[in-house]
Each structure stands twice: as C-alpha cells, then as structure tokens.
Amino acid sequence: MKSFAIISELIKILGEKNVLADEESRSIYGKDLTKNFKPDPMVIVFPKNEQEVINIVQLANATNTGIVPSGGRTGYSGGAVSASKEIVVSLEKFNRILSFNSIDRQVKCEPGVITKTIQDFALNNNLHYPVDFSSSSSSQIGGNIATNAGGIKVIRYGSTRNWIAGLKVITGNGELLNLNTGLAKNNSGYDLRHLFIGSEGTLGIITEATVQLTTIPHETKVLLLGVSSKDHITKIFNSFKSMSQIIAFEFFSELAMQHILRKTKLEHPFSIASSFYILIEYESNDAQDKICLEILEKYLREKIINDAIFSSNISQAKKLWRFREEISMSISEYSPYKYDIAVLPSNIAAFMNDANRLLHEIYPDMEIIWFGHVGDGNLHLNILKPAKWLKEDFVSYCNLKSHEVYRLIHAYEGTISAEHGVGLLKKSFLHYTKEKNEISYMRAIKKIFDPKNIMNPGKIF
Ligand SMILES: Cc1cc2nc3c(=O)[nH]c(=O)nc-3n(C[C@H](O)[C@H](O)[C@H](O)COP(=O)(O)OP(=O)(O)OC[C@H]3O[C@@H](n4cnc5c(N)ncnc54)[C@H](O)[C@@H]3O)c2cc1C
C-alpha cells in the first residue's frame, strides 16, 4: 500500500487531527535527543486508547510498515528515531492517571504520563516514586519502562523495572497482553512483563503500567566532596555504603564543573578546585549524620578528601544537586559523543585508569568529560567535538575508535549501555556485551511477539 493510502486509513482510525504528516512534525517527532540520524517518518499518529493502538498495529502488519513508539523523546540512543518512513506512534495524548490504590500503593497509568507527574502524584498521596533523573519533567512512563530507565537513586531503589507491578502491552502481532496484575508474588511461569521492560519498543507498545509507590524517605542530606584523585572514589564509596543509608552516590570531574559554572553562572562551591567531586545523598538522622561526619573527618585528615559541603536545608541540597544535574545540558552545545558504560563499582578506579590512557591516545586533542552514577558502576563518558571538526567526521571518527573503548569494557565484563539503551546508536557494538548465542535468543524472542518485524525495526540488533 502506498503512503497516502496508509495515511488515509490512519485518519479513519484516529481522526484527522491525530495524524500529522507535515514537514515540521515529521522532523520533531522523528527523533530523540541523539542528533546523529536524519528523521524521515512517514507519519505521526496520536492514539488515545488501547483499541486505537491495536488498529494501528494491525494496519502496520497488513501493510508491512514499521512502527516507532515515541515517548518524551528524551532518549540518548536513537531508540525513538524514525529514519525509514515508519509510522511514529506518539503516546503523548494517551496520558491519563487511571486509578490509585492506597492499600497496595499502586497507581495505574497510561503510557504517556510524564515521569514527574507520577512523582508529584505520589507526593500528593504521601508516598514516593523513587525513579528520578534530570529529564523526568519530559520523559514518559512508557519510555522509562521501554528503556528500563535508571537515574540517580538506583543505588538505593533500583531501576524502573523494580517499580512496575503490572503492564498492558499490544504486541507486534496486535494482541493485548495483561502481564501481572500488580501482584507482589506470582510464580506462575515466565514473567513476560520483564521481557517488555527494557525492550526499547521492539516487541510491542506499552499501553498501561501499574506503578508501585513506596514510603517517602526520611529527611535527606546532600554532601559534596572535593576528592584528590579518582583512585579514592571506590574507597570512599565503600566506607559510605557500608555505614550509611545512601540514596545517591554520583561523581563528576573538575572539567565538568567548569562547563556547569560557565553555563549556569553558579559560583564554584569550593575555594580550591579538586580533580573530581562526589555528591552523596543519604537519609539523615543523628546517628547517620555522626557516621558521615566521622568518615568525612578521617578522609579529610588523610587528605583523600580536600573539602566538603553539607546541605543544611532543602534549598541548599537542591543547589548542590545542580552541580551534578546540569552537566548534560551544559555540554550539549559541544555535540558530545556519549558513552553510557558500566563496570562493577569495585573495578571503577582500575577501569578509569586504563580508559584514560586509551582515551588520551585515541582522542588526543579532545576534551574528555567524566561523570556518572558511580555507586552503580555507571560512567557517562563524553567526548566533546572540537569546533574545527565537522559533526559527521567527528561521529565517524568516534564510532571507529569506540571499538577500542568497548574492547576495554569487554575485558572488564562491563556493558556498552548501562541505562540509555542500545537503539540505533550502539547496535553495532552490542557484541561487546552480549554473546552471539544470547543475541540469537533475543532475535528468536522478537520473532514470537513481532513476526513481521514491524516494531521499531533495526533497533538494538
Ligand atoms: C538531561 C538528561 C538526563 C538523563 N538522565 C538519565 C538517567 O539518569 N538515567 C536514564 O536511564 N536515562 C536518562 N536519560 C535518558 C532518557 O531520559 C531515558 O532513557 C528515558 O527513559 C526516555 O524516556 P522517553 O519517554 O523520553 O522515551 P523516548 O526517548 O521517546 O523513547 C525511548 C525508547 O522507548 C520506546 N518507547 C517509548 N514509549 C514507548 C511505549 N509506550 N511502548 C513501547 N516502547 C516505547 C521508544 O521507541 C524508544 O526505543 C536522560 C536524558 C536527558 C536528556
């Protein structure tokens, strides 16, 4: 069927105002935050209910047309990119909170509900949704589930997977599956819910999520530390982790700090710069504060920590967090080539030493920015594009050199994607993390749910 015939069928399903094919919409909805791919969708559609999604998927099957599910488009892997005339299914109008059960502490949501809306909804009900990251005001719960989003509190609460008590999905076959009904215990065979979590829209479209909420943590405090060397990060992490109730343990370099200061006009928090900074959030009470102070004093004495700031109120805590949260935005004008890698926390210092040697060899004239969720072993490594390089040349060069970086990751038994997903961006590097036979099983699983390969074709593998 030709594009215009498919579009007119889509208009029959959704009505004219929920089907867009103009140039501007195609360019906006055809991409996520990766800027390496030229968007080229056939059309963008905005379903508002399950039946409409089923009808779209059936039409895509009947016409052999690809579908790209699209959430808040804040992804960093090209998962929501449509570059081959697919139907982009935007979930942004399918966005109601459906029900709340205060006994089970669960909220049922449509896929387009913004992450921050769930966080606020939880707070308004005296509860807590603990998955959090800088893009939570724009990303959607469906996108978070499809990427198994992590963020700043994984060390304490785990990633999105831990908070999804039930899922409804429309498979690539056009079939509705109701996967776990919020039950905490349900050992009745394979839990297919977990296959869809992190599947990056390649198996089906998430149409409803039962999100588990929890109690609000006690008062928290934030601690910003200037550290004399990255070699000490693991040691400091180990001390805090074994003795205190850490919620976040993040790190970033002085180079990252310089970009934040330039972009935000904030003042440097310390009178003397350190090469690295650690930001810790922990649940505070008299005993915990005492433990943290003791660890701090020990490391200050040993000159492992150069300087430290404790937040004494919420606004100070928020201000300290800005130094970490605004890094991505502050370097975005340099079109960074982003690595989202992970190794075991115990291997971080050794890995970073090996990686730095390699990076200075392969990227000799480029600025290298490290930051990340170091408590989870997740390092965000960013190579900034020098002004004189053309974007295409820079990306091709980095793609070529990435094989060396990922070979090192492989040697450390790490991953090429800790939380952003594989999408289009990292699919040619997947074999550094997954063995051949594992990828074959993944392909076979996709075939079961999506025999005609219409769901996000060409993503992941
Ligand atoms: C400043 C910044 C900070 C970030 N920090 C983090 C972080 O700390 N941790 C982290 O994990 N990520 C982070 N991200 C990345 C991103 O926000 C997450 O990956 C997020 O989960 C993507 O959600 P989204 O709604 O924007 O999805 P999109 O980008 O729209 O889509 C992501 C993937 O999900 C699929 N998808 C979307 N909706 C559905 C659906 N309903 N059904 C099936 N498939 C679907 C898409 O096809 C695509 O493959 C950050 C991004 C930014 C810009």
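See the structure above.
About the thresholds
- Residues numbered from 1 in each chain as written.
- Predicted model: local features only at pLDDT ≥ 70, side-chain atom pairs only at ≥ 80, totals over all residues.
- Heavy atoms only, no water.
- Helix = DSSP H or I, 4+ residues; strand = E, 2+ residues; numbered from the N terminus.
- Rg over C-alpha atoms; globule rule 2.2 N^0.38 Å.
- Buried < 20%, exposed > 50% of the residue type's maximum accessible area, 1.4 Å probe, protein only.
- Contact = heavy atoms within 4.5 Å.
- Areas by Shrake-Rupley, 256 points an atom, 1.4 Å probe, with all protein chains shown as cover.
- Near = heavy atom within 4 Å.
- Polar contact = N/O pair within 3.5 Å; in protein donor to acceptor, adjacent residues only side chain to side chain.
- Nonpolar A, V, L, I, M, F, W, Y, C, P; charged D, E, K, R; others polar.
- Domains from an automatic or database assignment.
- Axes fitted to C-alpha atoms, helices over the stretch in contact; angles between N-to-C directions.
- Parallel < 35°, antiparallel > 145°, perpendicular 65-115°, else oblique.
- Left-handed = near helix turned anticlockwise from the far one by under 90°.
- Pairing = 2+ DSSP bridges.

Engineer: How would you summarise the overall build of the chain if you had to cite specific residues and measurements?
Structural biologist: Along the backbone of the chain there are 15 helices and 16 strands. Relative to a compact globule of 461 residues, whose C-alpha radius of gyration would be 23 Å, the chain shows 23 Å and is just as compact. For the chain, the C-alpha atoms occupy an extent of roughly 70 × 55 × 45 Å along the three principal directions. Burial status across the chain gives 55% buried among its 461 residues. For the chain, long-range pairs separated by at least 24 residues make up 73% of all intrachain contacts whose partners lie at least 6 apart in sequence. Carbon and sulfur atoms make up 52% of the accessible area of the chain, which amounts to about 20,400 Å² in all.

Engineer: I'd like to hear about unusual backbone geometry, residue by residue, with values.
Structural biologist: Its identity as a non-glycine residue notwithstanding, Lys-85 has a phi of 60 degrees, on the positive side. Structurally, the position occupied by Lys-85 is in the loop between strand S3 (67-70) and strand S4 (87-90).

Engineer: Describe the site of the ligand, listing the residues and the values that go with them.
Structural biologist: For the ligand, the set of nearby residues contains 37 residues, the closest of which are Pro-69, Gly-71, Gly-72, Thr-74 and Ser-135. One of the backbone N or O atoms of Glu-200 is found 3.2 Å from an oxygen atom in the ligand. Contact with the protein chains covers 97% of the free accessible surface of the ligand, which is 980 Å². Elements represented by at least two residues in the shell around the ligand include exactly S3, helix H5 (141-147), strand S9 (204-212) and helix H12 (327-331). Tallied by class, residues from the shell around the ligand come to 12 nonpolar, 22 polar and 3 charged. Counting the residues that make up the shell around the ligand, at least three belong to each of domain 1 (97-212) and domain 3 (335-420).

Engineer: Please set out the packing of helix H13 (residues 348-362) against helix H14 (residues 391-411) residue by residue, giving values where relevant.
Structural biologist: Helix-helix packing: each pair is described by the crossing angle between the helix axes and the interaxial distance. One way to put it is that H13 packs onto H14 with a least axis distance of 11 Å and a crossing angle of 155 degrees. Taken as axis vectors, H13 and H14 run roughly antiparallel relative to one another. Handedness of the H13/H14 crossing: right-handed. Contact residues: H13 offers Phe-351, Asp-354, Ala-355, Leu-358, Leu-359 and Ile-362, while H14 offers Tyr-397, Lys-401, Glu-404, Val-405, Leu-408 and Ile-409. Partitioning the contact of H13 with H14 into residue classes produces 9 nonpolar, no polar and 3 charged.

Engineer: Let's hear about the sheet that holds S9: which residues, and what values?
Structural biologist: Judged by pairing direction, the sheet is antiparallel, and its 5 strands sit side by side in the order S5-S6-S9-S7-S8 without closing on themselves. Taken across any chain shown, the strands that pair with only one partner, and hence form the sheet edges, are strand S5 (97-101) and strand S8 (176-181). Here the average twist between neighbouring strands, direction ignored, is 15 degrees. Summarising the sheet, strand S7 (residues 164-171) and S8 pair through 5 bridges and their orientation is antiparallel. Of the residues in S8, the one forming a bridge with Ile-170 is Leu-176. On top of the sheet, helix H3 (residues 50-63) reaches S7, S8 and S9; it is set at about 40 degrees to S7, its chief contact.

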